[in-house]
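Structure at a glance
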Amino acid sequence: MKKIKIYKLNSGPKVVLYQDTSRHCALASLFVMFGGKNKEVIVNNKCYSICDGMAHFIEHLLIENSKYGNALVMFNKENTNMNGYTSRDVTEYFIDSINNFKSDLEKLINIVNNVNFSINDIEETKKAIIKEKMMSKDSNFRDLEKIDYECLFKNIKYPNILGEVADIKTINYDMVKFCYDIFYQIQNQMLIVSGNFKIREIEKIIKDVYSNFDKKIIEYNIPKIVENNSVLLKEKCIFKNIHLDYVRLNYKINIKNLSNEERLKLDFYLEYFLSFLFDSASKVYNYLVSSKICLYDIDYSCSKIDDFFVLKIGTYTNNHDKFITIINDAMRKKNVNRKDFERRKRKSIINIIMREDSLFNTVNPFIENIIKFNCDRIDKVEDIQKQSFADYKRSILNLDFSNMSVTKMLQIKNNGDFNG
Amino acid sequence: MNKELITLKREPYIIKNKYSTIDFFFIFPALYKKEYMFYLLLLKQILLNSSFLYKNEKLYKRKWEDLMIISESLTNKILNNNLYLEFRLTVPNPKVIKNYDLERAFSFFINTIYKPNIVGNKFNKKVFERERTFLKEDILMSLKNVYSESYQKFLNLVDDKGILKDNIYNNLDLIKNANEYELYDVYNELIINNKPIIMVYGDVDKSIVSLIKKYVNIKNEKVKLNIDYYNFLFPREKCKYVIENSKYNQSILYVAYKVKKMNNNDLIYLNLIKNILGIGAESLIFKTLRVDSGLVYSCSTWCDSISGLLVIETYINNNSSDIVLDKIKNLIDMLKNKEILRKEIYRVLESLKYSVIRKKDNKNKKLDDFIKYKFKFGFTIEKLIEKYSNLDLDLTIDFINRLVLDTVYFYKGDFNEKNKNI
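Being a predicted model, the structure only gives us computed values, none of them experimental.

Overview of the overall build of chain B
- Each helix and strand in chain B was counted, giving 16 helices and 14 strands.
- Against the compact-globule benchmark of 22 Å for 422 residues, chain B has a radius of gyration of 24 Å, which places it among compact chains.
- The principal-axis extents of the C-alpha atoms in chain B amount to approximately 60 × 45 × 45 Å.
- Counting the 422 residues in chain B, one finds 58% classified as buried.
- Of the contacts made within chain B by residues no fewer than 6 positions apart, 83% connect residues no fewer than 24 positions apart.
- When the accessible surface of chain B is summed, it comes to about 18,700 Å², and 50% of that surface belongs to carbon and sulfur atoms.

Focus: the overall build of chain A
- Within chain A, the regular secondary structure consists of 15 helices and 13 strands.
- Computed over its C-alpha atoms, the radius of gyration of chain A comes to 23 Å, within 12% of the 22 Å expected for a compact globule of 420 residues.
- Per-residue burial over chain A gives 59% buried out of 420 residues.
- Contacts in chain A between residues far apart in sequence, at least 24 positions, make up 80% of those at least 6 positions apart.

Concerning the side chain of S97(A)
- Checked against the element boundaries, S97(A) lands in strand β7 (residues 91–97).
- Residue classification places S97(A) among the buried residues on the basis of a relative accessible area of 0%.
- A polar contact of 3.4 Å, which involves the side chain of S97(A), links it to the backbone nitrogen of F101(A).
- In this structure the side chain of S97(A) is engaged in a polar contact, spanning 2.7 Å, whose partner is the side chain of D104(A).
- Each residue touching S97(A), except ones within four places of it in the same chain, is listed here: C25(A), A26(A), T80(A), D104(A) and R358(B).

Focus on the sheet that holds strand β1 (residues 2–8) of chain A
Residues and elements named next belong to chain A.
- The strand order across the open sheet formed by six strands is β1-β2-β8-β3-β7-β6, and the pairing between neighbours is mixed. The strands lining the two open edges of the sheet, one partner per strand, are β1 and β6 (81–86). Adjacent strand axes in the sheet meet at a mean angle of 10° when their direction is disregarded.
- Relative to strand β8 (residues 189–195), strand β3 (residues 26–32) runs antiparallel, the two being bridged by seven bridges. In the sheet register, S29 faces β8, and the bridge partner there is I192.
- Strand contacts of helix α1 (residues 54–64): β6 and β7, with the helix running at about 160° to β6, the strand carrying the most contacts.

Things to note about the interface of chain B and chain A
- Listed by partner, the interface residues are 53 residues for chain B and 52 residues for chain A.
- Around 5,100 Å² of area is buried between chain B and chain A when both sides are counted, 59% of it from carbon and sulfur atoms.
- The largest contributions to the chain B side of the interface with chain A come from Y297(B), R358(B) and D361(B), which together make up 14% of the buried area.
- There are five salt bridges connecting chain B and chain A.
- Residue D66(B) is joined to R343(A) by a salt bridge in which the shortest nitrogen-to-oxygen separation is 2.7 Å.
- Our count for the chain B to chain A interface comes out at 22 residue pairs in polar contact (both at pLDDT 80 or more).

Examining helix α13 (residues 359–373) of chain A
Residue and element names in this part refer to chain A.
- For α13, with 15 residues, the first-to-last C-alpha span of 21 Å sits near the 21 Å given by 1.5 Å per residue.
- Of all the positions in α13, only L359, T362, V363, P365, F366, I367, N369, I370 and F373 are classed as buried.
- At the C-terminal side of α13, N374 shows a positive phi close to 55°.

What to know about the environment of K224(A)
Residues and elements named next belong to chain A.
- Turning to its location among the elements, K224 is positioned in the loop between α8 (199–211) and β9 (235–240).
- For K224, a relative accessible area of 73% translates into the label exposed.
- When the C-alpha atoms of K224 and N241 are compared, they prove to be 39 Å apart, with 17 residues separating the residues in sequence.

Some thoughts on the packing of helix α12 (residues 338–359) of chain B against helix α15 (residues 393–401) of chain B
All names here are of chain B.
- Relative to each other, α12 and α15 sit at 100°, their axes nearing to 11 Å. By the angle class used here, α12 and α15 are roughly perpendicular. Packed against α12, whose contacting residues are K338, L341, R342 and I345, the element α15 presents L393, D394, T396, I397 and I400 at the interface.
- Counted by class, the contact of α12 with α15 contains five nonpolar, one polar and three charged residues.

A look at the nonpolar core
- With 153 residues, the main nonpolar core has Y93(A), I206(A) and F375(B) as its most contacted residues.
- When residues of this core are assigned to their parent elements, the largest contribution, eight residues, is made by helix α9 (residues 267–278) of chain B.
- V247(A), C302(A), C375(A) and V381(A) belong to the second-largest nonpolar core, a separate cluster that totals 121 residues.

Focus on the domain arrangement of chain B
Residue and element names in this part refer to chain B.
- What the domain assignment reports for chain B is domain 1 (4–227) and domain 2 (240–418).
- Look at where the C-alpha atoms of domain 1 and domain 2 centre, and you get two points 31 Å apart.
- Listed as interface residues are 38 residues of domain 1 and, on the opposing side, 33 residues of domain 2.
- Here domain 1 meets domain 2 over a buried area of about 3,100 Å², counting both sides, of which 71% is carbon and sulfur.
- Contact with domain 2 buries area across many residues of domain 1, yet V146, F154 and L157 alone supply 20% of it, more than any other trio.
- Between domain 1 and domain 2 we count four salt bridges in total.
- Among the ionic pairs, E4 bridges to K376, the shortest N-O distance being 2.9 Å.

Here we look at the sheet that holds strand β14 (residues 403–412) of chain B
Residue and element names in this part refer to chain B.
- Judged by pairing direction, the sheet is mixed, and its five strands sit side by side in the order β10-β14-β11-β13-β12 without closing on themselves. Unpaired on one side and paired on the other, β10 (240–245) and β12 (296–304) mark the two borders of the sheet. Each adjacent strand pair in this sheet contributes to an overall mean axis angle of 15°, direction not counted.
- Pairing analysis gives eight bridges linking β12 to strand β13 (residues 309–316), with the strands arranged antiparallel. If you follow D304 over to β13, its bridge partner there is L309.

Brief notes about the packing of α12(B) against helix α14 (residues 381–389) of chain B
Residues and elements named next belong to chain B.
- Close contact between α12 and α14 brings their axes to 9 Å; oriented N to C, the two are set at 155°. Considered as vectors, α12 and α14 are oriented roughly antiparallel to each other. The element α12 and its partner α14 pack so that their crossing is left-handed. Here I345, V348, L349, L352, K353, S355, V356 and K359 of α12 lie close against α14, whose contacting residues are I381, E382, L384, I385, Y388 and S389.
- When grouped by side-chain class, the residues that make up the contact of α12 with α14 number nine nonpolar, two polar and three charged.

About the criteria used
Residues numbered from 1 in each chain as written. Chains lettered and ligands numbered in written order. Predicted model: local features only at pLDDT ≥ 70, side-chain atom pairs only at ≥ 80, totals over all residues. Heavy atoms only, no water. Helix = DSSP H or I, 4+ residues; strand = E, 2+ residues; numbered from the N terminus. Rg over C-alpha atoms; globule rule 2.2 N^0.38 Å. Buried < 20%, exposed > 50% of the residue type's maximum accessible area, 1.4 Å probe, protein only. Contact = heavy atoms within 4.5 Å. Areas by Shrake-Rupley, 256 points an atom, 1.4 Å probe, with all protein chains shown as cover. Polar contact = N/O pair within 3.5 Å; in protein donor to acceptor, adjacent residues only side chain to side chain. Pairing = 2+ DSSP bridges. Axes fitted to C-alpha atoms, helices over the stretch in contact; angles between N-to-C directions. Buried area = accessible area lost by both parts, 1.4 Å probe. Salt bridge = Lys/Arg side-chain N within 4 Å of Asp/Glu carboxyl O. Expected span 1.5 Å × (residues − 1). Parallel < 35°, antiparallel > 145°, perpendicular 65-115°, else oblique. Nonpolar A, V, L, I, M, F, W, Y, C, P; charged D, E, K, R; others polar. Core = buried A, V, L, I, M, F, W, Y, C linked by side-chain atoms within 4.5 Å. Domains from an automatic or database assignment. Left-handed = near helix turned anticlockwise from the far one by under 90°.

Written as structure tokens, this is what we have:
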């Protein structure tokens, strides 16, 4: 039996319950609306800056110094999987439980809300994060993403989620307490519970546990970021120890005037459009390969950054100019194809049906709809069936692909010279 | 000493479930030869990107999409002298997607396997050259990251018999010397002149067997396979310590143990020690190195059953290598204490019991365990529980006493050098 219930707890978090009694486990994700993008906050008409890495720092701090000790160890002793994750938009605390779900859920809510960290805990947390930073320094694509932001946006900054070593070192108790008190207010949280559980029991637990917290309410605002449609820089590159150059075209599309539902629909349409143009059966890809401009698949993706969709199309190639010209021409022609559209729709329908085979695969797109698009609903086959070619074509033709920047990751030659 | 016989059947194995997909497996068993190494990579690229009917990637992939194929793969499993080529097709369940033409998709899959892109007695030259160039670049590219570079260097140090290190990275000349004629010979040897073990995993009935038999000639007979999966590495007289500076930021410490007088019966102990040291946040290694002493951010334990190698891999600060190594040695010694060992076995057993429940919600894990069981690739979760529950503690301690520290490789990054005041 499957059942969905969405509600807002009085002066508390938004709660989403997805019950599926055919499962053998239950999952809970507690989201706090604080992520790498939060760089400033206004309290009492005063604007405070938040150092890079703060949201991620608090995630570590709460998990490793909870009232139960290190939460990872505590949960693992009970054979419950637990972890935390910080993204650009949110911090997520997650459990996957089999036997003790009710008490595990209670503990999860307490880990996030019933905290008591010390100056010493903060210093210890720094050590783990600096080690994590050391590992991430070898990730080439993280640096490429940074220059993507620098080219695309004037005012939206790269969400440096881990922060730099210098940022991490400056973090102190007062800064952490300040950010925690503001962003970890309970109305700034969302709890998603899924799997095999009894709805009434879980509702009661959530209500009871949250009623124990007496957090003071702090009014705050996030400074509004005004961003132009145009890109800030046309091109930027970085140099890395790689075997072939990597070139990426980034398109910036303003979706400010679209409703949440329209954004969600456009997300599907852009996936269809990019797949038609650039997947391994596409004319463009096959031309690029046969003319030896590239060897590898074309990577393409669509992501939502505030009021923009950003489309990224890239590949490994040493023939930069030809690649850029061909991709840009294909984008600007905006070719769409009815048969292909029907093919993509069928694929979307199959994907939705297949999600049912796994609880994670069912719940994750649901969470994405809620967090990314503010649409409190699960994708249904009927939604896809309703999509029409005329609407798809109109949507694509209405898009402006003129705001584009190019980022490149270029290989360093062995002698230390740059090649590119 | 290590050889064993397994008996399988030619008639398809049908494993029924209620998932929304159906999986077909064609598994070709063969004896492994070194000259196959690059050709196996080529076969995967060529067979899954074109066929006799669909001559190029564009036509092939478009047909693939039209048939609503969810995935198609070819994987090679090499276990010492044994090789398994596994073709897998995943398609929607016709009971879920109305009017889905299962037969057309299956026939496409059969053509992928048996009707490749050949011209006369060789593979299509153009396609061959394209895939050779792609693979060459891909192999060189894959070495340009700290994980694969350090791993490869570690294998070169730890493996004095050439069991693990004899891979494509150490045989790049095979790429240059390959040709489309020999590839065709290898294909004939491994596929055309061979017979597969067939499995179907999904919401199907007996009619699926008729469908398969329409396309493949299957006799009702048993198949006996000689398996020789293991070729153990034995400890050297003196541990090898190597420190190497790298151009990457992070530093990686590999600590490798080998087992004195290792034999097939020791595999369960090797697996147990790996699981005690390395399962999750409650594992001994994570608790000791991360939670209790903050020496690492990430650490893991893995073992290679074929060679009998136990490896602890940690990501550390440059000045921590000695202390991390000492702590690892102490952990191994600690397990020689009966009470501690008993407690640890109990903890791992509990964790495995939960894995059995989690497996019920996971289609691929169930499938993996079925194949593992049929081909004796390793222990299923249920088998591990049974074996661990009946382990003799004295024999387990005898095994731990035979674990010998063999190789310590420290791949030293420069992050700490650049940030000395941290």
